[in-house]
Amino acid sequence: MRDFITKSKALYQKHKIWFNIAILVILVVLPLFIRQSYLMGVLCRILLYATLAGSLNAINGYSGQTCIGHAGFFCIGAYCEAILATRLGLSFWLALPIAGIVTAIFGGIIALPTLKMKGIYLSIVTLGFSEIVRLVALNWEGLTGGPMGIKGIPVPKVFGMQFSGSHTYYYIFLAIAVLFIFVTGRVIRSRVGRAWISIREDQLAAKSLGVQTSHYKSMNFMYGAFWAGIAGAAYAPYVRFIDSTMFTLDEGFNILSMVIIGGQGTLVGPVAGSVIVNLLTELLRPVGQWRMVAYGLLIIVMMWWRPQGLVGASDSILSGNTGKKRLSRKAKKGVSA
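In this section: the overall build of the chain. Secondary structure assignment for the chain yields 15 helices and two strands. On the chain, roughly 17,400 Å² of surface is accessible, and the fraction owed to carbon and sulfur atoms is 70%.

This is the structure we're talking about:
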């Protein structure tokens, strides 16, 4: 199985451009061949969570920070768009970037006082933040509607055409997912992305080489929060109604499971994780909450079999193999000496 994954990745890298074009064409024409609204709804969820998991992966996978309260950013983006659209009458296309920017600001607010935190301590802070956001949405009736939520969120329109169903809204989720992958790929290959990765590999070494770790860690948190806000802003008009129960801690763990299963520190990993988890959700829907046990077992198996995730690199630091290789090299040198 591992050899198959390795060979598949090598084949993809060799013909990367043509594979990407073919996949994009298939995704664009797919709604023309699928008539069932249920199946299109599943595809919409896969694309939505591909962006959400990817935005969390930008934080956890590329800079090595630990965020498990991503549902809080998702919630801020959704409520921001809903409030702007229902209270101020702003167009979806204007409310979408505003929601992303507002969410990024909240990401910066969380990042600045936690720059020296890492591991479990940072995880607890992000978890608490997510729950605070949900409770504010539940209790601030004047702004968020409280337990009643926000109803009648207007759908996006382009030249009089409404994106009111899963067949049409699919293209909004697809455009956001493709844009996210393209922009993130460019960012990761830039100086900023290299700084994030250097912080993930060894923060002390990166700082000694002149990398402004505090600056880049804050930027990383804001970047991930921005795209989570964009995903939330796109989700609100799709469901036409939001309330605080949609953004519980379970939602945050659901997004995190996609990143772990698919592979941290990769662009394709969160997409693969979104496909697997959402398909499992539909297949295991008859068993209700027991599907969470299946998620837990799958994560345990992945952490034991492939800690770097399904599509993660075998020589990645996330796989744990690099340390073993270094030890084996030292042992060989000791024997030869």
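Attention now moves to the side chain of Thr-266. Summarising the element assignment, Thr-266 is placed in the loop between helix H12 (249-262) and helix H13 (269-283). Accessibility expressed as a relative area gives 16% for Thr-266, which makes it buried.

According to the stated counting rule, one finds 15 aromatic pairs in the structure shown. Where Phe-74 meets Tyr-235, the ring centres are 5.4 Å apart and the plane angle is 45 degrees; that geometry is what we call tilted. Pair noted here: Phe-74 is in helix H4 (residues 70-86) and Tyr-235 is in helix H11 (residues 213-239), with a separation of 161 residues, a long-range link. Each member of the pair, Phe-74 as well as Tyr-235, is classed as buried. Taking the centre distance of 5.2 Å and the plane angle of 80 degrees together, the rings of Phe-173 and Tyr-238 count as edge-to-face. Placement of the pair is Phe-173 in helix H8 (residues 166-188) and Tyr-238 in helix H11, with a sequence separation of 65 residues. By relative accessible area, which is 3% here, Phe-173 ends up buried. What makes Tyr-238 partly exposed here is its relative accessible area of 23%. These aromatic residues form a ring-pair network of at least three members: Phe-180, Trp-196, Tyr-223, Phe-226 and Trp-227.

What the rule picks out here adds up to three salt bridges. Of the charged contacts in the structure, one is a salt bridge between Arg-134 and Glu-131, with a shortest N-O distance of 2.6 Å. Placement of the pair is Arg-134 and Glu-131 together in helix H6 (residues 120-139), with a separation of three residues, close to one helical turn. Given a relative accessible area of 23%, Glu-131 falls into the partly exposed group.

Let us now look at the nonpolar core. Soluble globular proteins tend to pack their nonpolar side chains together in the buried interior. Within the largest apolar cluster, 74 residues are counted, with the highest numbers of intra-cluster contacts made by Leu-48, Leu-52 and Ile-242. Among residues more than four places away in sequence, those in contact with Leu-52 are His-70, Phe-74, Ala-228, Ala-231 and Ile-255.

Next up on the list: the packing of helix H9 (residues 191-201) against H11. Close contact between H9 and H11 brings their axes to 10 Å; oriented N to C, the two are set at 105 degrees. Judged by the angle between their axes, H9 and H11 are roughly perpendicular. In contact with Arg-191, Val-192, Ala-195, Trp-196 and Ile-199 of H9, H11 contributes Thr-213, Tyr-216, Lys-217, Met-219, Asn-220 and Tyr-223.

Here is what the cut-offs are and how they apply
- Residues numbered from 1 in each chain as written.
- Predicted model: local features only at pLDDT ≥ 70, side-chain atom pairs only at ≥ 80, totals over all residues.
- Heavy atoms only, no water.
- Helix = DSSP H or I, 4+ residues; strand = E, 2+ residues; numbered from the N terminus.
- Areas by Shrake-Rupley, 256 points an atom, 1.4 Å probe, with all protein chains shown as cover.
- Buried < 20%, exposed > 50% of the residue type's maximum accessible area, 1.4 Å probe, protein only.
- Phe/Tyr/Trp six-rings, centres within 6.5 Å; stacked < 30°, edge-to-face > 60°.
- Salt bridge = Lys/Arg side-chain N within 4 Å of Asp/Glu carboxyl O.
- Core = buried A, V, L, I, M, F, W, Y, C linked by side-chain atoms within 4.5 Å.
- Contact = heavy atoms within 4.5 Å.
- Axes fitted to C-alpha atoms, helices over the stretch in contact; angles between N-to-C directions.
- Parallel < 35°, antiparallel > 145°, perpendicular 65-115°, else oblique.

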